[in-house]
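This is what each chain is made of:
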Amino acid sequence: MSALPPIGLDPQAVLAELDDLRGGDADRRQEDWTKRAFMHAFDAGETVRAVGAEAHARFLDTSGLGGAVYPSIARMEAELIAAVGTLLGAPDGFRGRIAPGGSEAVVLAARAARNHARVVRGLAGPLEILAPETVHPSFAKAADLLGMTLVKVATTDSLAADPSAMTEAVSARTALVVASAPTYWHGIWDDAAALGRLAAKRDIWFHVDACMGGFLAPFARRAGTTVLDFDLSVPGVTSVTADFHKYGYAPKAATALLIRDVERDRFADFDLADGRSGYATPTIAATRSGGPIAAAWAVMRHLGEDGYLRLARQVIGAHGELVKGISGINGLEIWGAPRLCILSFGSTEIDIAAVAAGLRARGWHPNAYGEPAAIHLRLSPAHAESVPAFLVDLEAVVDDVRAGRQAPDEARAGY
Ligand SMILES: Cc1ncc(COP(=O)(O)O)c(C=O)c1O
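Residues numbered from 1 in each chain as written. Predicted model: local features only at pLDDT ≥ 70, side-chain atom pairs only at ≥ 80, totals over all residues.

**Digging into the site of the ligand**
Alright, step 1. Near the ligand, the surroundings consist of 13 residues, among which Gly-102, Ser-103, His-136, Tyr-184 and Cys-211 are the closest.
Alright, step 2. Looking at the shell around the ligand, the element that brings in the most residues is helix 5 (residues 102-119), giving 3 residues.
Alright, step 3. Residue composition of the shell around the ligand, by class: 5 nonpolar, 6 polar and 2 charged. (Near = placed C-beta within 6 Å. Helix = DSSP H or I, 4+ residues; strand = E, 2+ residues; numbered from the N terminus. Nonpolar A, V, L, I, M, F, W, Y, C, P; charged D, E, K, R; others polar.)

See below:
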């Protein structure tokens, strides 16, 4: 469409056009796609999808802005925050809010840290975010938006945050220290306990980005898997983010930002306080649909603890099998020691872009990225069924690449 139709179309005609547009998209509704896609998935099956979609539709026209007009949204948001607080070790008196996505929640946390550093610690001038080099790119976006500098610190050889190097890199301008639980790229859990000590000693805001693992780790533990401590139960952790739309299996996009206490939580608010407008908002977006909040609420109520535990077992099991299988394929190398849900692998012997092309040719959807090149896999519960077939194809593709039968394709590495 390059201009509005001169005469509006019949609803059925418009919906048919939408179906046509959708025809070229990846489709989570096709079971095979969720088993074969290692990106944009986080799918818990048809029933969970239907519960989320129905709740979203019922609350589509509500606004998360007006608690007075839509008390249902305010109530669901408060209940979700309370439930996430229980999962993530929040102390009495913690506060939380729901942002429309992980990147926005990260920006909110960084802004709160910056304002805290200015007001409480009396820092002035351009302030710094201190993070391991594996931190998610949304922190670069936060630094850009907030006039801060992102100081990236080299990791250990196993790609985890290096607490000694981070300590050395602390400056008089450090407003925020960051750890990941786990890292987006490699699925590595940073040592939040060590970084918490570093931050607490200097009264620096410490944010743990658990956008990826926040809803998985508590259930992984219940399933008997050891996970490094990462949440608000860790001394020194000031705030945590967790995405409902990843391992919470809710529709996109909703992210919980939890802050340790009310004193620090107020630094995440924006209140124009002009005495006229009443413009006081908990997120960057002012008007935001209540749909994703209602959908997250409905999915969490539907899945319950037993549902999340079952799904966590599937994800962790598939991840373990993949790590073992890929480690056994000559020429491939897993990066670091990934845990639970994500991994990246590359090769010093063969062209990994050609491996990605071969996997695509066999109907898989890996994510290729990076310098050096790597294949990045994020797991969904459905992979519990498809990992054996994936490993068979991967081994065959590696043979093809070695034998010169498989070249890279046109697909570009990307986020
Ligand atoms: C660790 C981590 N942080 C932040 C984000 C940003 O989340 P969103 O894509 O919802 O903005 C992601 C997204 O994958 C992530 O994995």
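**Quick notes on the domain arrangement of the protein chain**
A common way to state how big an interface is: give the accessible area lost once the parts meet.
Alright, step 1. Taken as a whole, the protein chain is organised into domain 1 (54-300) and domain 2 (305-400).
Alright, step 2. Its C-alpha centre places domain 1 at a distance of 28 Å from the equivalent point of domain 2.
Alright, step 3. The interface is formed by 20 residues belonging to domain 1 together with 18 residues belonging to domain 2.
Alright, step 4. Looking at side-chain class alone, the side of domain 1 that touches domain 2 contains 14 nonpolar, 5 polar and 1 charged residues. (Domains from an automatic or database assignment. Contact = placed C-beta atoms within 7 Å.)

**Description of the nonpolar core**
Alright, step 1. Counting 126 residues, the largest nonpolar core has Ala-110, Ile-129, Phe-139, Leu-176, Leu-216, Ala-296 and Val-299 as its most contacted members.
Alright, step 2. Residue contributions to this core reach at least three from each of two domains, namely domain 1 (54-300) and domain 2 (305-400).
Alright, step 3. In this view, Phe-139 contacts Val-106, Ala-110, Ile-129, Ala-131, Leu-150 and Val-178; residues no more than four positions away in its chain are not counted. (Core = buried A, V, L, I, M, F, W, Y, C linked by C-beta atoms within 7 Å. Buried ≥ 20, exposed ≤ 12 C-beta atoms within 10 Å, placed from the backbone.)

**Details of the sheet that holds strand 10 (residues 333-334)**
Think of a sheet as strands paired side by side through backbone hydrogen bonds, with each pair either parallel or antiparallel.
Alright, step 1. One open sheet holds the 4 strands; their spatial order is 10-11-13-12, and the pairing between them is antiparallel. The open sheet has two free edges, formed respectively by strand 10 and strand 12 (367-369), since each of these has just one partner strand.
Alright, step 2. Bridge count between strand 11 (residues 342-346) and strand 13 (residues 374-378): 4 bridges; the pairing is antiparallel. For Ser-344, the partnering residue across the bridge sits in strand 13 and is His-376.
Alright, step 3. Against the sheet, helix 11 (residues 291-327) engages strand 10, strand 11 and strand 13, with an angle of about 10° to strand 11. (Pairing = 2+ DSSP bridges. Axes fitted to C-alpha atoms, helices over the stretch in contact; angles between N-to-C directions.)

**Observations concerning the packing of helix 4 (residues 71-87) against helix 11**
Alright, step 1. Viewed as axis vectors pointing N to C, helix 4 and helix 11 meet at an angle of 50°, and their least axial separation amounts to 9 Å. When the axes of helix 4 and helix 11 are compared, the pair comes out oblique. Helix 11 is crossed by helix 4, and the crossing has left-handed handedness. Residues Ile-73, Met-76, Glu-77, Glu-79, Leu-80 and Ala-83 of helix 4 touch helix 11, and the partners they reach there are Ile-293, Ala-294, Ala-296, Trp-297 and Met-300.
Alright, step 2. Taken together, the residues that form the contact of helix 4 with helix 11 break down as 9 nonpolar, no polar and 2 charged. (Parallel < 35°, antiparallel > 145°, perpendicular 65-115°, else oblique. Left-handed = near helix turned anticlockwise from the far one by under 90°.)

**Here's the deal with the packing of helix 11 against helix 13 (residues 383-402)**
Angle between the axes and distance between the axes: these two values describe a pair of packed helices.
Alright, step 1. The geometry of helix 11 relative to helix 13 is characterised by a closest axis approach of 8 Å and an angle of 10° between their N-to-C directions. By the angle class used here, helix 11 and helix 13 are roughly parallel. Judged by residue contacts, Gln-314, Gly-317, Ala-318, Glu-321, Leu-322 and Gly-325 of helix 11 engage His-383, Ala-384, Val-387 and Leu-391 from helix 13.

**A look at the environment of Ala-26**
Alright, step 1. Its place among the elements puts Ala-26 in the loop between helix 1 (11-22) and helix 2 (31-36).
Alright, step 2. Classification of Ala-26 by C-beta neighbours within 10 Å gives partly exposed; the count is 14.
Alright, step 3. In the structure, Ala-26 is positioned 271 residues away from Trp-297 in sequence and 26 Å away in space, judged by C-alpha atoms.
Alright, step 4. Discounting residues that sit within four places of it in the chain, Ala-26 has contacts with Trp-33, Ala-37 and His-40.

**As for the sheet that holds strand 1 (residues 95-99)**
Alright, step 1. The mixed open sheet is built from 7 strands, whose spatial order is 1-7-6-5-4-2-3. Looking at which strands have only one partner, the edges of the open sheet turn out to be strand 1 and strand 3 (149-153). Strand-to-strand, the axes of this sheet are offset by a mean angle of 20°, without reference to chain direction.
Alright, step 2. Inspection of the sheet shows strand 4 (residues 174-180) paired to strand 5 (residues 205-209) by 5 bridges, in the parallel sense. Its bridge partner lying in strand 5, Ser-180 is registered against Asp-209.

**Overview of the pairing of strand 7 (residues 255-259)**
On a regular strand, each side chain points to the face opposite its neighbour's, so the side chains alternate between the two faces of the sheet.
Alright, step 1. Of all 5 residues that make up strand 7, 5 are buried, and the element is covered over most of its length.
Alright, step 2. Covered by surrounding structure in strand 7 are Thr-255, Leu-257 and Ile-259 together with Ala-256 and Leu-258, the residues of both alternating faces.
Alright, step 3. With 5 bridges connecting them, strand 1 and strand 7 associate as antiparallel partners. Within the sheet, the bridge partner assigned to Ile-98 lies in strand 7 and is Ala-256.
Alright, step 4. Pairing between strand 6 (residues 239-243) and strand 7: 5 bridges, direction antiparallel. Bridge pairing in strand 7 links Asp-243 to Thr-255.

**Quick word on helix 1**
Given 3.6 residues per turn, any residue in an α-helix points the same way as the ones three and four places further on.
Alright, step 1. The terminal C-alpha atoms of helix 1 lie 16 Å apart, and with 12 residues this matches the ideal 16 Å at 1.5 Å per residue to within 8%.
Alright, step 2. Counting buried positions along helix 1 gives 0 out of 12 residues, so the element sits mostly on the surface. (Expected span 1.5 Å × (residues − 1).)

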